[in-house]
Amino acid sequence: MRIIAGAHKGSRLVTPGGNATRPTSDRVKESLFSMLEGYGVLQAANVLDLFAGSGGLGFEAMSRGAAQVVFVDSSLASIRALEANADKLGIGHSTAVSSADVIQFLGTLPDPAHPEARVFDLVFMDPPYPLGEDAVTQVLSRLRSHLDEESIVVIERSSRAPEPTMPGGLEVFRSKTFGETALHFVQLTVEDEVGDGADS
């Protein structure tokens, strides 16, 4: 796996052994980041990479101008790969790696009213395909309070799976399929406003 554009273009990433992770293909990644650049969400972004694996999406975002990335994964092999990649790219000061279950991690984030609460501009969710739809919805429900009206969540799922069920306050504003992979772009529901500027 390699970074395909930006400051670290061409850098190869350490990947966990075995087939427990499912790296996003270069074709899907290029299309995804082209869309994100069109939305203007990458520059100086505060990024959260859930079910991060080797961190291909988070590190690609850093290469293209994101300010910082928090990586979350429960696999020890993935944690080791994430730390090795941050060190290899020399960006450890701009990354944080959390060895935790995603739902538990989101439960530890400060309440939105807390002075240390964090808002994420961009969130990647690439859960294992066997993860049930109810669990995906639960993650989104916990994530919702750490987003603002400009935030974008990208969910990568099997193209054979149904569109993720959104909890109240979130909506899918764009979906795109690439063979076996489907990308769903999610944002806060815009209420009582006309024209949010999203390209759907």
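Relevant structure appears above.
Residues numbered from 1 in each chain as written. Predicted model: local features only at pLDDT ≥ 70, side-chain atom pairs only at ≥ 80, totals over all residues. Heavy atoms only, no water.

Caption draft 1: Just the sheet that holds strand β7 (residues 181–188), in detail. As summarised here, the arrangement of the 7 strands in space is β3-β2-β1-β4-β5-β7-β6, forming an open sheet in which the pairing is mixed. Unpaired on one side and paired on the other, β3 (95–99) and β6 (170–178) mark the two borders of the sheet. Ignoring which end each strand starts from, the neighbouring axes of this sheet average 15° apart. In terms of strand pairing, strand β4 (residues 122–125) meets strand β5 (residues 152–158) through 4 bridges, oriented parallel. Note that in β5 the partner of M125 across the bridge is I155. Across the sheet, helix α2 (residues 56–63) touches β1 (46–50), β2 (68–73), β3, β4 and β5, and the angle it forms with β2 is around 175°. (Pairing = 2+ DSSP bridges. Helix = DSSP H or I, 4+ residues; strand = E, 2+ residues; numbered from the N terminus. Axes fitted to C-alpha atoms, helices over the stretch in contact; angles between N-to-C directions. Contact = heavy atoms within 4.5 Å.)

Caption draft 2: Region of the structure containing the pairing of β2. With 5 of 6 residues buried, β2 is to be regarded as a mostly interior element. By the bridge criterion, 5 bridges tie β1 to β2 in an arrangement that is parallel. Counterpart to D49 in the pairing with β2 is F71. Examined bridge by bridge, β2 and β3 share 5 bridges and lie parallel to one another. Across the sheet, V69 pairs through a bridge with T95, a residue of β3. (Buried < 20%, exposed > 50% of the residue type's maximum accessible area, 1.4 Å probe, protein only.)

Caption draft 3: View of helix α1 (residues 26–39). The end-to-end C-alpha distance of α1 is 20 Å, a good match for the 20 Å that 14 residues give at a rise of 1.5 Å each. Where α1 is buried, its residues meet α2, β4, β5, β6 and β7. (Expected span 1.5 Å × (residues − 1).)

Caption draft 4: Spotlight on the packing of aromatic side chains. Counted under the stated rule, the structure contains 5 aromatic pairs. Residues Y39 and F173 carry aromatic rings whose centres are separated by 5.5 Å and whose planes lie at 70° to one another, so their mutual orientation is edge-to-face. Highlighted residues: Y39 in helix α1 and F173 in strand β6, separated in sequence by 134 residues. Among the aromatic residues, ring-to-ring pairing joins Y39, F173 and F185 into one connected group. (Phe/Tyr/Trp six-rings, centres within 6.5 Å; stacked < 30°, edge-to-face > 60°.)

Caption draft 5: The packing of α1 against α2, seen in detail. Relative to each other, α1 and α2 sit at 45°, their axes nearing to 12 Å. Between α1 and α2, the angle is such that the two are oblique. Read as a crossing pair, α1 and α2 show a hand that is right-handed. On the side of α1, the interface is formed by K29, L32 and F33, while α2 contributes G56, L57, E60 and A61. Its residues assigned to classes, the contact of α1 with α2 shows 4 nonpolar, 1 polar and 2 charged. (Parallel < 35°, antiparallel > 145°, perpendicular 65-115°, else oblique. Left-handed = near helix turned anticlockwise from the far one by under 90°. Nonpolar A, V, L, I, M, F, W, Y, C, P; charged D, E, K, R; others polar.)

Caption draft 6: Expanded view of the nonpolar core. Counting residues in hydrophobic clusters, the biggest one holds 33 residues, and the most contacted among them are L36, F124 and F185. When residues of this core are traced back to their parent elements, those giving at least two are α1, α2, β2, α3 (76–89), β4, β5, β6 and β7. Take this core: its biggest share by element is 6 residues, from α1. In contact with L36, other than residues within four places in its own chain, are V41, L42, L122, F124, I152, V154 and F185. (Core = buried A, V, L, I, M, F, W, Y, C linked by side-chain atoms within 4.5 Å.)

Caption draft 7: Highlighting the environment of R80. Mapped onto the elements, R80 comes out in helix α3. For R80, a relative accessible area of 56% puts it in the exposed group. A sequence separation of 55 residues divides R80 from S25, and the C-alpha atoms of the two residues are 21 Å apart.

Caption draft 8: Structural view of the pattern of salt bridges. Taken as a whole and judged by the stated rule, the model has 6 salt bridges. For E60, the salt bridge identified is with R64, shortest N-O distance 2.9 Å. Here E60 falls in the buried class, since its relative accessible area comes to 0%. Taking the relative accessible area as the measure of exposure, R64 reaches 8% and is therefore buried. (Salt bridge = Lys/Arg side-chain N within 4 Å of Asp/Glu carboxyl O.)

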